[in-house]
Structure formats: C-alpha cells, structure tokens
Amino acid sequence: MILSELSSDEVAGRARGGALALWCGPFVVRVASAIPAVARGIHLLYADHALADDADFADVCVTIAPPPGLRAWLRPQVEFTFGGERPMTPLALDQAFPLFEWALNWSIASTANHYLILHAAVIEREGRVLIMPGPPGSGKSTLTAALVNSGWRLFSDELTLIDTERTEIVPVPRPISLKNQSIATIRGLFPQALLSEVVHNTQKGSVAHMRPLREHIQRAADAAGPGWVVFPEFAHGAGATLVPRAKADTLLQLGSNAFNYHVHGVAGFEALATIVDHSRCFDFPYGDLAEAIRLFDDLSSQAP
Amino acid sequence: MTWHLNPISKLSWRRWDDQWVAYDAASDDTHQLDPVAAVALMCFEEGPYDLAAVAAQVAVELDLPNDRSLSQRLGDVVKQFTLLGLIEPIAS
C-alpha cells in the first residue's frame, strides 16, 4: 500500500498518533506530529512511498511538535525531538515541513552507521551512479532536480549511502530541496514537476521541495555501482565544463564529505578507494542547466 | 638516527599514476603523498631506516639523483611524518 491510498485526513490522523510509518529507501521512518503542515507536506511529496506495517521496526522516529512553555503562545514555533533530545533549534511554525525534511536527513546521517554516508547528491543512469558532493550553494540540488527530470534516476539529493561490503550505492529517494532562485528555475524548465508551497525566511532562504518521480520510488531497492564523481560549482554565466580531477584528491574529498568515515575504519577507506577506482572524476563549473543536462547526457553515453 | 613506522600504525595503500594515498588504521587519517614521500613511508613501513638509506632507496625507485636536494626534501618528509605520528625514532 502506498501513501496516496490514504486521504489527507488519514495521513494527518496517523501522524498525530505517531503511527505514520513509511519506507524511505532501506529505512522505515515513523513520523509523530500534530502539525497540519507536516502531514500536508508528507501527503503531497511522499505520495508514492510505501507505507510500513505497524509491526515493522522503525529505523528512524521523527517527532515535530511545538516546544513546551509560554513561547508557544507568544510566537508559535516547532521543534524536532529525537529520543528525548532536541538536536536542532526551534523554528517558526510555518517552517514545520522544511524542519521535518532537515530532521529526517539528520536522523539518517546520525544513526544509519551500517552505511558509509556522504553529504552528496547521487543519481543513476544505465546502472552506474554519479556522486555529487558539494557544499550549500554549489548547485547540487538544483542540478539533481534538473537531471532526474531528464532521464537520470534519483537516489538522493543529500545523502549518499554506501554499502561498504558490496561497494554499492543504495537509493533513499525523497523530496528534493530547492532554494531561492532555483525554485523558479526548476518550475520554468520542468512545468510538470510537482513542488510544495514555498516557505520563506528559513535559515536557507526561501525553500520548496520537489516530489520524486513515481518510477524512482518504485526502484528504491535497486542499488548500483559507481560510475562518476562530479564536484559541481554553480556560477552565474559560467560555461559548463567537465574538468578531470585527480583521483587521490577525490578520495580525500569524499572522505571529508562523509558523516561517519571514522566509524568504518579501513572498510570505509577501501570502499571510497574502490568508488574512485571505478569512477571518472571531474570538477564541474556551470551556469546554465540546459547546457549541464546536455553534457551529462554525453557523459552517460560514454564507456566507463 | 633511524626511524620506523609507529608500531600501532597499520597502513593501507592506493596508487593512481604518481598520486599515492595511505590510510592509517591507528589514527583513521588518510594521507595524500607524492612519490618521494610514498616511497619513504614504505621504507619505514618495511623496517628501521636512516635518512641515507631512505635517500638511496628513493633515488633507485624513482630514478632520481641522490643529492643534497633529495636529502633536504627527505629531511622535511621525516619531520612531517614524525609530527603526524606516522613514524618514530629508534634510540641507538
């Protein structure tokens, strides 16, 4: 059963009771929140995700609720709690859904230590994945949104999960976070893309989320091997160029983008080294998405 | 003076052309090395070496002149390895 088979009231009811559980890639995520915007966002953006059974063990439990105290009355806020802890600063009530998304990223990155996890977008084509590390502002989410609407399969716009035993990358397809100008850019280029309402004045500016394509959710169990590592760098007016980069430095950069490299020890090193061995590695300055899509099309058609 | 690999270090190696990477399981650090530093570290991994013996080995492996410039370079490499805790001196 997928989430869209529930009505919006049913989704809200389950979330209110802490009984909304869905599969996100290999994880069962349980949501507890009485905030209408959280249930509304999930109903819209996770429509094609499979619901988990009550009996399924939840890997991650995300609770979004108003913080206790007088402040809740004076200036409504929401906060994320995780196992009784408050890992994030409370935010304004209208930021409840973006907070849920950030909280879920944090929860997976902090707990799923059986995977080596990189802060990097990841997409797949022809059975090979393209890993895109990049700090905020590098344009990796915008590029990911454009590419998954142009023939690439979404694994994640934030988290690269590496199975170190098989050196395979595991999908965890979820909504893609778009910020500021990139919201209008993606709407303009891909009018069929389904975006959430825009939330303004967040810590990242204006934020909207794009619903992943149904066929990408349906293939969430299909892991794949490495093919490319690309470091995007958006700059207005920059021509799109794939500049080959050194493999040794690429390995070090991947390590520095990992949340839990130290947890995996030599297995983490061997996994990253194998990924670099099997990948073509590039820096990628770009300023135009259409040009970027063409270049990535060419790249995917070339031999590994 | 001779040095050897820190006894608690355990290195894993990868090489792409003239780019070398060594992972040290003791510290969880990953080091990027040029060929001179890589051959030197492999010497210390093999057993105790003094600077002259390392220079001779590097010169042979990399087809470099075993001269003052190489000695100075290796002196810097040894200082760096010592600071990183990768090697330690052996008391004579």
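To be clear, the structure that these remarks concern was listed above.
Throughout this description, residue numbers start from 1 for each chain and increase along the sequence as written. Each chain takes a letter, starting from A, and each ligand takes a number, starting from 1, following the order in which they are written. In view of the model being predicted, local features appear only for residues whose pLDDT reaches at least 70, and side-chain atom pairs are presented and counted only at 80 or more, with totals across whole chains, interfaces and linings using the full set of residues.

Asker: Could you clarify how one ought to interpret helix 1 (residues 35–46) of chain B in this entry?
Answerer: Think of an α-helix as turning once every 3.6 residues; residues three or four places apart then point the same way. Along its twelve residues, helix 1 of chain B runs 16 Å from first to last C-alpha, staying within 8% of the 16 Å computed at 1.5 Å per residue. Buried within helix 1 of chain B we find Val 36, Ala 37, Ala 38, Val 39, Ala 40, Leu 41, Met 42, Cys 43 and Phe 44 of chain B. Strands are runs of DSSP state E lasting at least 2 residues, helices are runs of H or I lasting at least 4, and numbering of each runs from the N terminus. A helix is expected to span 1.5 Å multiplied by its residue count minus one. Every C-beta atom is placed from the backbone, and the number of other C-beta atoms within 10 Å of a residue's own sets its class: buried at 20 or more, exposed at 12 or fewer, partly exposed in between.

Asker: Would you mind showing me how to read the sheet that holds strand 6 (residues 87–90) of chain B here?
Answerer: Strand-to-strand pairing in sheets goes through backbone hydrogen bonds, with the strands running parallel or antiparallel. All names here are of chain B. Read from one edge of the open sheet, three strands run 5-1-6, paired in antiparallel fashion. Two strands bound the open sheet, and with one partner strand each, they are strand 5 (49–50) and strand 6. As defined by bridge partners, strand 1 (residues 2–5) adjoins strand 6 across four bridges and the pair is classed as antiparallel. Along strand 6, the bridge assignment pairs His 4 with Glu 88. Any two strands with at least two DSSP bridges between them are considered paired.

Asker: I'm lost on the packing of helix 5 (residues 140–148) of chain A against helix 10 (residues 289–301) of chain A in this one. Help?
Answerer: Each pair of packed helices can be described by the angle between their axes along with the distance between the axes. Residues and elements named next belong to chain A. Think of each axis as a best-fit line through the C-alpha atoms, taken over the contacting stretch in the case of a helix, with angles from 0 to 180 degrees between the N-to-C directions. At a minimum axis distance of 10 Å, the contact between helix 5 and helix 10 shows a crossing angle of 60°. Like other packed secondary-structure pairs, helix 5 and helix 10 cross with a definite hand, here right-handed. Across from Leu 143, Ala 146 and Leu 147 in helix 5, the residues of helix 10 making contact are Leu 289, Ala 292, Ile 293 and Phe 296. Polar here means any residue outside two lists: the nonpolar Ala, Val, Leu, Ile, Met, Phe, Trp, Tyr, Cys and Pro, and the charged Asp, Glu, Lys and Arg; Gly therefore counts as polar. Its residues assigned to classes, the contact of helix 5 with helix 10 shows seven nonpolar, no polar and no charged. Each crossing gets its handedness from the near helix: less than a right angle anticlockwise from the far helix is left-handed, clockwise is right-handed. Note on contacts: residues are paired as contacts if their backbone-placed C-beta atoms lie within 7 Å.

Asker: Sorry, what's going on with the pairing of strand 16 (residues 280–286) of chain A here?
Answerer: Two faces make up the sheet, and in a regular strand the side chains alternate between them. Bridge analysis of strand 14 (residues 225–234) of chain A against strand 16 of chain A gives seven bridges, and the strand direction is parallel. The residue of strand 16 of chain A that forms the bridge with Val 230 of chain A is Phe 282 of chain A.

Asker: Explanation requested: the sheet that holds strand 11 (residues 176–179) of chain A in the structure shown.
Answerer: Residues and elements named next belong to chain A. Pairing is antiparallel across the open sheet formed by three strands, whose spatial order is 11-13-12. Two strands lie at the open edges of the sheet, namely strand 11 and strand 12 (199–202), each paired on one side alone. Each strand of the sheet is rotated relative to its neighbour by a mean of 40°, with strand direction disregarded. Bridge analysis of strand 12 against strand 13 (residues 205–210) gives two bridges, and the strand direction is antiparallel. Looking at the pairing, Val 199 lines up with Val 207 of strand 13. Set on the sheet, helix 4 (residues 96–111) makes contact with strand 11, strand 12 and strand 13; between it and strand 12 the angle comes to about 65°.

Asker: Which parts of the structure should I look at to understand the packing of helix 1 (residues 8–16) of chain A against helix 2 (residues 36–45) of chain A?
Answerer: Residue and element names in this part refer to chain A. Where helix 1 meets helix 2, the axes come as close as 9 Å, and the angle between the chain directions of the two elements is 125°. Taken as axis vectors, helix 1 and helix 2 run oblique relative to one another. The chirality of how helix 1 crosses helix 2 is right-handed. Of the residues in helix 2, those touching helix 1 at Ser 8, Val 11, Ala 12 and Ala 15 are Pro 36, Val 38, Ala 39, Arg 40, Ile 42 and His 43. Residues that form the contact of helix 1 with helix 2 fall into these classes: seven nonpolar, two polar and one charged. Between 65 and 115 degrees an angle is taken as roughly perpendicular, under 35 as roughly parallel, over 145 as roughly antiparallel, and anywhere else as oblique.

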